[in-house]
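# Structural overview
Here is what each chain is made of, one letter per residue.
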Amino acid sequence: MAHDEPTTETDRAVLNRLLRDEQLCPELTQTGLRWQPITGHHVRGALSRIAHDAVTLLGGPQRGQVKTCQNPDCRGLYVDTSQGQNRRWCSMNICGNRAKKARFRDPRTPAGNN
């Protein structure tokens with residue numbers, strides 16, 4: 001997925017099954033929008049919503065912006081929306097901060113490692 005790696009057939013099957021398994025409907029509440037599962041299965045409904053976002057991202061124009069966090073202990077995926085497309089960590093507050101602290105303690109530590 002990251003770096004234009006193709007999705008596997010198994011991954012696609014899981015995402016597509018989750019999309020078919022449980023549909024959600026948007027519902028307007030007093031405080032805003034809420035996604036309500038049609039059949040009342042909230043966990044499957046939440047997974048369906050996550051699968052929907054994943055399919056929209058991986059099948060859409062932002063696919064090339066999906067990157068892997070450079071923290072070797074994390075390896076999480078994120079969408080790089082930075083202007084220079086040079087973001088390196090999933091979260092600056094967590095992984096980026098750890099890398100900067102490690103580099104401060106030992107200036108010989110590469111920027112992407114902890």
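Summarised in this report is the structure supplied together with it. Note that this is a predicted model, so its numbers are computed, not measured.

Analysis parameters
- Residues numbered from 1 in each chain as written.
- Predicted model: local features only at pLDDT ≥ 70, side-chain atom pairs only at ≥ 80, totals over all residues.
- Heavy atoms only, no water.
- Buried < 20%, exposed > 50% of the residue type's maximum accessible area, 1.4 Å probe, protein only.
- Helix = DSSP H or I, 4+ residues; strand = E, 2+ residues; numbered from the N terminus.
- Polar contact = N/O pair within 3.5 Å; in protein donor to acceptor, adjacent residues only side chain to side chain.
- Phe/Tyr/Trp six-rings, centres within 6.5 Å; stacked < 30°, edge-to-face > 60°.
- Lys NZ or Arg CZ within 6 Å of the ring centre and 35° of its normal.
- Salt bridge = Lys/Arg side-chain N within 4 Å of Asp/Glu carboxyl O.
- Disulfide = S-S within 2.5 Å.
- Axes fitted to C-alpha atoms, helices over the stretch in contact; angles between N-to-C directions.
- Parallel < 35°, antiparallel > 145°, perpendicular 65-115°, else oblique.
- Left-handed = near helix turned anticlockwise from the far one by under 90°.
- Contact = heavy atoms within 4.5 Å.
- Nonpolar A, V, L, I, M, F, W, Y, C, P; charged D, E, K, R; others polar.
- Pairing = 2+ DSSP bridges.
- Expected span 1.5 Å × (residues − 1).
- Arc of directions from axis to C-beta.

## Some remarks on helix 3 (residues 92-105)
Here helix 3 has its buried residues at Cys95, Gly96, Ala99 and Ala102. Its side-chain oxygen 3.2 Å from the backbone nitrogen of asparagine 93, serine 91 forms the N-cap of helix 3.

## Examining the packing of aromatic side chains
In total, this model carries zero aromatic pairs according to the counting rule given. The ring of tryptophan 35 is capped by arginine 49, whose NZ or CZ atom sits 4.1 Å from the centre of that ring.

## Quick look at the pattern of salt bridges
The full count for this structure, using the stated rule, is three salt bridges. With its nearest N and O atoms 2.2 Å apart, the salt bridge here joins arginine 34 to glutamate 27. Look at arginine 34 and you get partly exposed, because its relative accessible area is 41%. Of the charged contacts, one joins arginine 49 and aspartate 53 as a salt bridge, the two residues approaching to 3.6 Å between their closest N and O atoms. Residue arginine 49 and its partner aspartate 53 are both found in helix 2 (residues 42-58); the two are separated by four residues, about one turn of the helix. Judged by its relative accessible area of 25%, arginine 49 is partly exposed.

## What to know about the state of the cysteines
This model, assessed by the stated rule, comprises zero disulfides. Cysteine 69 carries a free sulfur, and the closest cysteine sulfur to it, the one in cysteine 95, is 3.7 Å from it. Free cysteine cysteine 74: the closest other cysteine sulfur is in cysteine 90, separated by 3.7 Å.

## Here we look at the packing of helix 1 (residues 9-21) against helix 2
Here helix 1 crosses helix 2 at 130°, and the two axes come no closer than 8 Å. With respect to their mutual orientation, helix 1 and helix 2 come out oblique. As helix 1 packs across helix 2, the resulting crossing turns out to be left-handed. Where helix 1 abuts helix 2, its residues Leu15, Leu18, Leu19 and Asp21 lie against Arg44, Leu47, Ser48, Ala51, His52, Ala54, Val55 and Leu58. When the residues that make up the contact of helix 1 with helix 2 are grouped by side-chain class, the tally is eight nonpolar, two polar and two charged.

## Some words on the pairing of strand 1 (residues 24-29)
Judged from the six bridges that link them, strand 1 and strand 2 (residues 32-37) form a sheet pairing that is antiparallel. Across the sheet, the residue bridging to glutamate 27 is arginine 34, located in strand 2. In this antiparallel pair of consecutive strands, strand 1 and strand 2, the connection spans two residues.

## A short note on helix 2
For helix 2, which comprises 17 residues, the first-to-last C-alpha distance of 24 Å matches the rise-based estimate of 24 Å (1.5 Å per residue) to within 8%. For helix 2, the set of buried residues is Gly45, Ser48, Ala51 and Leu58. Summarising the axial view, the buried residues of helix 2 lie within an arc of 155°, below the 170-degree limit, and thus occupy one face. Along helix 2, the residues that are exposed and aim more than 90 degrees away from the buried face are His42, Val43 and Ile50. Contacts made by the buried residues of helix 2 are with helix 1, strand 1, strand 2 and strand 3 (66-68).

Taken by themselves, the reported measurements are silent on function.
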